[in-house]
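Now for the letters of each chain:
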Amino acid sequence: MMQQLMGTGVALVTPFKNDLSIDTDALSRIVEHNIAGGVDYLVVLGTTGESVTLSKTEKEMVAKTVVTTNAGRLPLVLGIGGNNTQALAEELRTTDLTDFDAVLSVSPSYNKPTQEGIYQHFKVLAEASPKPLVLYNVPSRTGSNMLPETTVRLAKDFKNIVAIKEACANLIQIDEILSKAPEDFLVISGDDFTALPTIMAGGAGVISVLGQGVPEAFSQMVQYGRDGMVREAYKIHHNILPLMHLIFEEGNPAGIKSIFEHLELSSAIVRLPLVEASPKLKEKIGQFLSSYQEEIVA
């Protein structure tokens, strides 16, 4: 079992300057904000990091910035995913993964493969990857759902497939994976909304979007959940639930970047085809953060 992937992981944003170039100083501030806030590990270049809009050089810059800032303090996971299996296998073989503990790879989008196609895709990646592999199922983005039987089959057939970030938003599906997967296979929530229920059902933790904005509260909630302190965990969950809804109201990562703008850690700029959160949403997020700061960490 990979202890590095237990608890609260956060899917880091990629901050941009006004000219849409990467703001490495802001990224370093966000990393420090999360380390100080008590998160357990950092996920670099996931969907929240707008990785599909970054060039290879920019991805390398982001990874280097996080590695340098982190300086070995927290475990790191690198996102390497897409829908071109052979290209991804080559990327896994040629990328320097020395500083990363695992690779997060999303189920192929757009192609809409069958369950056998999804299995064969991850089979190729598992055989190519020099690091443990975390599957990522997010049907709302990919257009296909990796079913529990496929997840369990991969978990049993490949020792280096160690976990799944499950963002199906279906607790019945999550429970089925938990009941059938090998004991050392980790089920990690990929939805902020289902983080606590997943943990209470036996999951390992979460890879969160909101967690990077309010790391103290989110990390404490997850720790309470893992410790079986149900009432305390759900108190925090209910305190931050409105903020979960707000940050996804106009899509991800527009909402979470609005939090960072409010906290003066980075701009709220995103790259097209995404657009920045509306002034109305920014105002609602700012009001929540200003009015309920003490309650968040109660």
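Up top you'll find the structure we're talking about.
What you see is a predicted model; the values in this text were computed from it and never measured.

Draft legend 1. Layout of the sheet that holds strand β8 (residues 205-208). The strand order around the closed barrel built from 8 strands is β1-β2-β3-β4-β5-β6-β7-β8, with neighbouring strands paired in parallel fashion. In this sheet, neighbouring strand axes are inclined to one another by 25° on average, regardless of whether the strands run parallel or antiparallel. In this sheet, strand β4 (residues 102-106) lies alongside strand β3 (residues 76-79) in parallel orientation, the contact comprising 3 bridges. What sits directly across from V77, in β4, is A102.

Draft legend 2. Looking closely at the environment of L178. By the element assignment, L178 lies in helix α7 (residues 171-180). What makes L178 partly exposed here is its relative accessible area of 24%. The spatial distance from the C-alpha of L178 to the C-alpha of A254 is 32 Å, given a sequence separation of 76 residues. Residue contacts for L178: discarding those within four places in its chain leaves V187, T198, A201, G202 and G203.

Draft legend 3. Looking closely at the nonpolar core. In terms of nonpolar packing, the biggest core is built from 78 residues, with L42, L210, F218 and L243 touching the most fellow members. Sorting elements by how many residues they give to this core places helix α10 (residues 230-247) first, with 7 residues. In contact with L243, other than residues within four places in its own chain, are L210, V214, I259, I285, F288 and L289. Counting residues in each nonpolar core, the second largest holds 20 residues, with V77, A163, A167 and I207 among its members.

Draft legend 4. Structural view of the side chain of S266. Residue placement: S266 occurs in the loop between α11 (254-262) and α12 (279-291). Looking at S266, the relative accessible area reads 11%, which means it is buried.

Draft legend 5. Up close: helix α3 (residues 85-94). Listing the buried residues of α3 in full gives L88, A89 and L92. Here the buried residues of α3 occupy an arc of 100° about the axis, which is enough to place them on one side. More than 90 degrees from the buried face of α3, the exposed residues found are Q86, R93 and T94. In this structure, the buried side of α3 is in contact with β4 and α4 (115-128).

Draft legend 6. Quick peek at the packing of α11 against α12. Running from N to C, α11 and α12 cross one another at 55°; their axes reach a closest spacing of 10 Å. Between α11 and α12, the interaxial angle falls into the category oblique. Judged by the sense of rotation from one axis to the other, the crossing of α11 with α12 is right-handed. Seen from α11, the contacting residues are G255, S258, I259, E261 and H262; seen from α12, they are K282, I285, G286, L289 and S290. Looking at the contact of α11 with α12 residue by residue, the classes come out as 3 nonpolar, 5 polar and 2 charged.

Draft legend 7. Layout of helix α9 (residues 215-226). Relative to the 16 Å expected for 12 residues at 1.5 Å per residue, α9 spans 16 Å between its end C-alpha atoms, a close match to the ideal helical length. Two residues or fewer after α9 comes G228, characterised by a positive phi angle close to 80°.

Draft legend 8. Spotlight on the packing of α9 against α10. In the contact formed by α9 and α10, the axes pass within 9 Å of each other and the chain directions differ by 145°. Handedness of the α9/α10 crossing: left-handed. Between α9, through A217, F218, Q220, M221, Y224 and G225, and α10, the contact on the second element is made entirely by E232, A233, I236, H237, I240 and M244. Across the contact of α9 with α10, the residue classes tally to 8 nonpolar, 3 polar and 1 charged.

Draft legend 9. Seen up close, the pairing of strand β1 (residues 7-11). Burial runs high along β1: 5 of the 5 residues are buried. Here β1 pairs with β8 via 4 bridges, running parallel. Along β8, the bridge assignment pairs G7 with G205. With 3 bridges joining them, β1 and strand β2 (residues 41-44) adopt parallel strand pairing.

What counts, and at which threshold
Residues numbered from 1 in each chain as written. Predicted model: local features only at pLDDT ≥ 70, side-chain atom pairs only at ≥ 80, totals over all residues. Heavy atoms only, no water. Pairing = 2+ DSSP bridges. Helix = DSSP H or I, 4+ residues; strand = E, 2+ residues; numbered from the N terminus. Axes fitted to C-alpha atoms, helices over the stretch in contact; angles between N-to-C directions. Buried < 20%, exposed > 50% of the residue type's maximum accessible area, 1.4 Å probe, protein only. Contact = heavy atoms within 4.5 Å. Core = buried A, V, L, I, M, F, W, Y, C linked by side-chain atoms within 4.5 Å. Arc of directions from axis to C-beta. Parallel < 35°, antiparallel > 145°, perpendicular 65-115°, else oblique. Left-handed = near helix turned anticlockwise from the far one by under 90°. Nonpolar A, V, L, I, M, F, W, Y, C, P; charged D, E, K, R; others polar. Expected span 1.5 Å × (residues − 1).

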